[in-house]
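# Structure at a glance
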Amino acid sequence: MASSSSLPLHLCHGNKLTMFINRSHAILHSTAIAFLIHYRVSLFFQEHKTRTTPIVPLVFVFASELLLSFIWFLGRAYVWSPVYRTVFPERLPNDEELPAIDVFICTTDPNKEPMIGVMNTLLSAMALDYPPDKLHVYLSDDGGYAITLQAMREARRFARFWLPFCRRFGIETRCPDVYFSRTEDYCPNSKNSDFIDERKKTKEQYELFKERVRRGGEECKFEDKGVPSASNHPSCIEVIQEYSKEGLVEDQIIEMPLLVYVSREKSTSHFHHFKAGAVNALLRVSAVLSNSPYILMLDCDMYCNDPTSARQAMCFHFDPQMSPSLAFVQFPQAFHDISENDIYDSEVRSAYTIAWPGLDGLKGPVLSGTNFYIKREALCCHSIRKDIELRELKDSFGQSNKFIESLRRDYRKPNLNDDGEVSNMLLEEAKVGFLYDAVTEDYLTGFVIQCKGWTSAYVAPSSTTRPQFLGTSTTNLNDLLTQGIRWGSGLVDVAISRYSPLLYGPPRTSFLHSMGYAELSLFPLLYCIPLWCFATIPPLCLLNGIPLYPEVSDPYFSVFLFIFLSALSKHLHEVLMTGRPIRKWINEQRIWMIKSVTCHTYGSLDAILKKFGLREASFLTTNKVADDEQIKLYREGKFDFRASAIFVEPLVTVMLVNLASVAGGVFRMMFMGGDWKKMLGQVMLSVYIIVVNYVVIEGMVMRKDKGRIPLHVSVASVVFCLIFLSLGSMVSCSLF
């Protein structure tokens, strides 16, 4: 497709100074790592009599240093040649030339995903600044709840008021709940009496809509009791239509996008592939019903904050040079509930400001699960030839003849007025096979697509423009780490599968691009192992007077110090470069350590157990229900330690081990003849861990609110710490 205008629809630019700094740092840091490796290897060739450190702790520490160096090396792909893009949607051709778009929204559990929030996401998608006859919105209810279907009917009813209001007055915030709760976006025509009247009328209808959804939810609870379970129910598909004219002007015609409810068939006797299975059902149903060439994927809590996002994406899909190989356009995830302090790094800054622009400079960013416009052809990975055999197509796409017909360019869409035929056809699509099989449906699917020759683009909002999408972040420690287990497990799943990026990628895509994907898949595993090592072995050796690092007077001490300060300063540079304060740097350092010794450890272990068939795959839906007390603690910058003991006890135990080791090590150096020159490196490491994670000590000793660390957790951690220190002392004695 080509634009009628000769002006470019988008621009791509890089920052030469940033690239120079990144590459220079990579060279210097790599040189220092080479000296570190030389020093460590030389220790192993020393005679046993001259070596002051036992071989066992040296092996563990050196292995950890190698793992951290390796994951750091992989991460250089992100900073090698980052690019940034600017779009000009006003230069697109007329609406008649724009292609159709299917919008996919997935929800599972109304108890964890509040229905009003889900319907606001749906309404914001229906209100996109795009021709309504070319917009089709599908919602997948993977739990098969009656409340979700009823809420969709009510949303369609309210949309008759909301959509005309947004179009007539050019409303930018098209999520009704957000619009009616804000004052700054109150009105572009605040002195217009027509606007004031329409706004009042629309708000009244919104309040009625919320009340009907709430009341309908209570009534549907009895109806949902008849559903066998969220994992065992028949398929249900409904094209949502509203024929009532109540509240509308006579003869008023409102153009509305197609709205479809989809609940696929699920059975406890079959593995249903979680969100990936739901997306595949949407692909099949939409292919038969609307078959739009482009698809927008949204999480149920990620509403459309900028109504022009579809047009922004089309700036790339209309580029005749880029479009033939372009699979998808990815937008960042931004969150409306991020606090100024953001103690949990809920915005995931490093991914959306460093990693994704870096990958965009190679072959394109990762498919991020939500906020992307993807070409249906790329997602289905099909290229239909006239001479291709039906058996070959069915091997790839299942037994549905109707779906296979939809893959052809001359496919004729069904007549929606023929309810019986359409219903039977759609219900059949919700039962048949699988298009693609992915535990991490976003990461792996995007990687495979790009390995087949497709590319992608990343568009982040500038400092003066609105985020294209806004969602709800995790604002308490338990939900954050629970989500981290799921993500960590899924990523390590790929790392140890046949799709491992370092093995599967290089023959099919560039090595740098494969490095970026490899860093993403391996970081949960390759961070948790070294961080557990550095949080325990150097402190234990410090307590027992065993040096692991060169003494201060040794030139190699400066090598270790340089690597430590180099890593910290580069991270600080990235944080400041993206406009965040210094405390953001400290928060990210802390949450990196916390995740590494908790959720990344459990997630990696889960993936390994699944690999050996010792555990079945599972999916934990992230809780999106707001808790006022948790939000208050988050806003105040206080950790909420009312989390599972499997998360809190390791943190407290690690802190106690380091506190005891620093106290014991300093006492040994001051009063028992210890050599501080040999032990300074270990003291610095433990002090760094303690200072960065002071919130754990604060939660144990100083805080009195409900978010403090429970007494029984502290007691259990003290016991674990004493056992660990005793075992460490016994092992240390046996090594000498």
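Worth saying up front: this structure is predicted, and the values here are computed from it rather than measured. (Residues numbered from 1 in each chain as written. Predicted model: local features only at pLDDT ≥ 70, side-chain atom pairs only at ≥ 80, totals over all residues. Heavy atoms only, no water.)

## Some remarks on helix 4 (residues 146-169)
The following threshold applies: Segments assigned H or I by DSSP are reported as helices when at least four residues long, segments assigned E as strands when at least two residues long, and all are numbered from the N terminus. For a helix, the expected span equals 1.5 Å multiplied by the number of residues minus one. Here the bend at a residue is taken as the angle between two axes, fitted respectively to the seven residues that end there and the seven that start there. Partly exposed describes any residue whose relative accessible area lies between the buried limit of under 20% and the exposed limit of over 50%, with all areas from a 1.4 Å probe on protein chains only and scaled to the type maximum.
The end-to-end C-alpha separation of helix 4 is 35 Å, in line with the 34 Å expected for 24 residues at 1.5 Å each. Taken as a whole, helix 4 carries its principal kink of about 45° at A159. Counting buried positions over the 24 residues of helix 4 gives 18, a clear majority of the element. Among the residues trailing helix 4, G170 stands out with phi positive, at a value near 60°.

## Observations concerning the pattern of salt bridges
When charged atoms on two side chains of opposite charge get close, those side chains can pair. To keep it simple, the criterion reads: The salt bridge criterion pairs a side-chain nitrogen of Lys or Arg with a carboxyl oxygen of Asp or Glu, the two atoms within 4 Å.
This structure, assessed with the given rule, holds 28 salt bridges. Between E347 and R580 there is a salt bridge, with its nearest N and O atoms 2.7 Å apart. Of this pair, E347 sits in the loop between strand 10 (334-335) and helix 9 (349-360) while R580 sits in the loop between helix 18 (555-577) and helix 19 (582-597); the two residues are 233 residues apart in sequence, bridging distant segments of the chain. Accessibility expressed as a relative area gives 23% for R580, which makes it partly exposed. Residue E574 is joined to K570 by a salt bridge in which the shortest nitrogen-to-oxygen separation is 3.3 Å. Linking E574 with K570, this pair stays in helix 18, spanning four residues, or about one helical turn. The burial state of E574 is the same as that of K570; both residues are buried.

## What about the sheet that holds strand 4 (residues 135-141)?
Going by this rule: At least two bridges found by DSSP between two strands is the condition for calling them paired. Simply put, an axis is a line fit to the C-alpha atoms, just over the touching stretch for a helix, and the angle between two N-to-C directions goes from 0 to 180 degrees. Should any heavy atoms of two residues lie within 4.5 Å, those residues are counted as being in contact.
Strand order across the open sheet formed by eight strands is 5-6-4-3-7-11-9-12, with mixed pairing between neighbours. What marks the edges here is a single partner per strand, and that holds for strand 5 (236-239) and strand 12 (455-458). Averaged over all pairs of adjacent strands, the angle between strand axes in this sheet comes to 20°, irrespective of strand direction. Relative to strand 11 (residues 372-375), strand 9 (residues 326-330) runs antiparallel, the two being bridged by three bridges. Bridge assignment links F328 to a residue of strand 11, and that residue is I374. In the packing of helix 4 onto the sheet, contacts are made with strand 3 (101-107), strand 4, strand 5 and strand 6 (258-263), and the angle to strand 6 comes to roughly 175°. Strands in contact with helix 7 (residues 274-289) are strand 3, strand 4, strand 5, strand 6 and strand 7 (294-299); relative to strand 3, the strand with the most contacts, it is inclined by about 150°.

## Considering the confidence of the model for the protein
In plain terms, the rule: Confidence of the predictor at the level of single residues is captured by pLDDT, which takes values from 0 to 100.
Per-residue pLDDT for the protein averages 87, and the proportion of residues at 70 or more is 84%. Ignoring residues within four places in sequence, the model shows residues 383-387, a span with pLDDT below 50, making five contacts including any to other chains. Scored below 50 in pLDDT, residues 433-439 makes 26 contacts in the model with residues more than four places away or belonging to other chains.

## Focus: empty space enclosed by the protein
We apply this condition: Grid points spaced at 1 Å over the protein atoms alone were grouped into cavities, where a 1.4 Å probe fits but cannot get out, and pockets, open sets with protein on both sides within 12 Å along at least five of seven lines, with lining residues defined by an atom within 4 Å of a point. Grid points are joined across faces, edges and corners, and a volume is the space filled by probe spheres set on the points.
Applying the stated criterion across every chain, the model contains two cavities of 30 Å³ or more. One number sums up the size of the second largest cavity: a volume of about 60 Å³. Taken together, T18, N22, Y78, V79, P82, Y84, T353, I354, K570, E574 and M577 make up the full set of residues lining the second largest cavity. Of all the secondary structure elements, the ones that give two or more residues to the lining of the second largest cavity are helix 1 (16-44), helix 2 (55-80), helix 9 and helix 18. Considering each element in turn, the lining of the second largest cavity owes the most residues, three residues, to helix 18.

## Digging into the state of the cysteines
Quick note on the threshold: The definition used for a disulfide is geometric: two cysteine sulfur atoms within 2.5 Å.
Across all of its chains, the model carries zero disulfides by this definition. In this model C599 remains outside any disulfide bridge; the closest cysteine sulfur is found in C528, 9.7 Å from its own. Residue classification places C599 among the buried residues on the basis of a relative accessible area of 0%.

## Observations concerning the pairing of strand 11
Along strand 11, one buried face is formed by F372 and I374 and the opposite face, lined by Y373 and K375, is buried too. The sheet contact formed by strand 7 and strand 11 spans four bridges and is antiparallel. Bridge assignment links I295 to a residue of strand 11, and that residue is I374.

## Comments concerning the side chain of H571
Going by this rule: Residues adjacent in sequence count toward polar contacts only when both atoms are side-chain atoms; beyond that, a polar contact is any pair of N or O atoms within 3.5 Å, and within protein one must be able to donate a hydrogen and the other to accept it.
For H571, the location among the structural elements is in helix 18. Separated by 2.8 Å, the side chains of H571 and E588 make a polar contact. Residue contacts for H571: discarding those within four places in its chain leaves R349, W585, E588 and Q589.

## Re the UniProt feature "transmembrane region" (unreviewed entry) in the protein
What counts is decided by this rule: UniProt positions are given in the numbering used here, feature names are shortened, and annotations may be inferred rather than shown by experiment.
The UniProt record annotates "transmembrane region" (unreviewed entry) at residues 26-43, 55-75, 525-549, 645-667, 679-697 and 709-731. Secondary structure over residues 26-43 splits into 100% helix and 0% strand, and the C-alpha atoms at its two ends are 26 Å apart.

## Considering the sheet that holds strand 8 (residues 303-304)
Spatial ordering of the open sheet is given by 8-13-10, a layout of three strands whose pairing is mixed. Only two strands of the sheet have a single neighbouring strand rather than two, namely strand 8 and strand 10. Inspection of the sheet shows strand 8 paired to strand 13 (residues 469-471) by two bridges, in the antiparallel sense. Looking at the pairing, Y303 lines up with L470 of strand 13.

## Some words on unusual backbone geometry
Positive phi, close to 55°, is recorded for N291, a residue that is not glycine. Looking at the element boundaries, N291 is found in the loop between helix 7 and strand 7. The backbone of D345 sits at a positive phi, close to 50°, despite the residue not being glycine. Considering the arrangement of structural elements, one finds D345 in the loop between strand 10 and helix 9. A relative accessible area of 11% means that D345 is categorised as buried.

## Quick notes on the packing of helix 3 (residues 115-126) against helix 4
The test is simple: In these notes the angle categories are as follows: under 35 degrees is roughly parallel, over 145 is roughly antiparallel, 65 to 115 is roughly perpendicular, and the rest is oblique. Handedness of a helix crossing follows the sense of rotation of the near helix relative to the far helix, less than a right angle counterclockwise being left-handed and clockwise being right-handed. For this classification, Asp, Glu, Lys and Arg are treated as charged, while Ala, Val, Leu, Ile, Met, Phe, Trp, Tyr, Cys and Pro are nonpolar and the rest, including Gly, are polar.
Where helix 3 meets helix 4, the closest approach of the two axes is 10 Å, and the angle between their N-to-C directions is 45°. Between helix 3 and helix 4, the interaxial angle falls into the category oblique. Here helix 3 and helix 4 pass one another in a crossing that is right-handed. Facing M115, M119, L122, L123 and M126 of helix 3, the residues of helix 4 in contact are I147, T148, A151, M152, A155, R156, F158, A159, W162 and L163. The residue makeup of the contact of helix 3 with helix 4, split by class, is 13 nonpolar, one polar and one charged.

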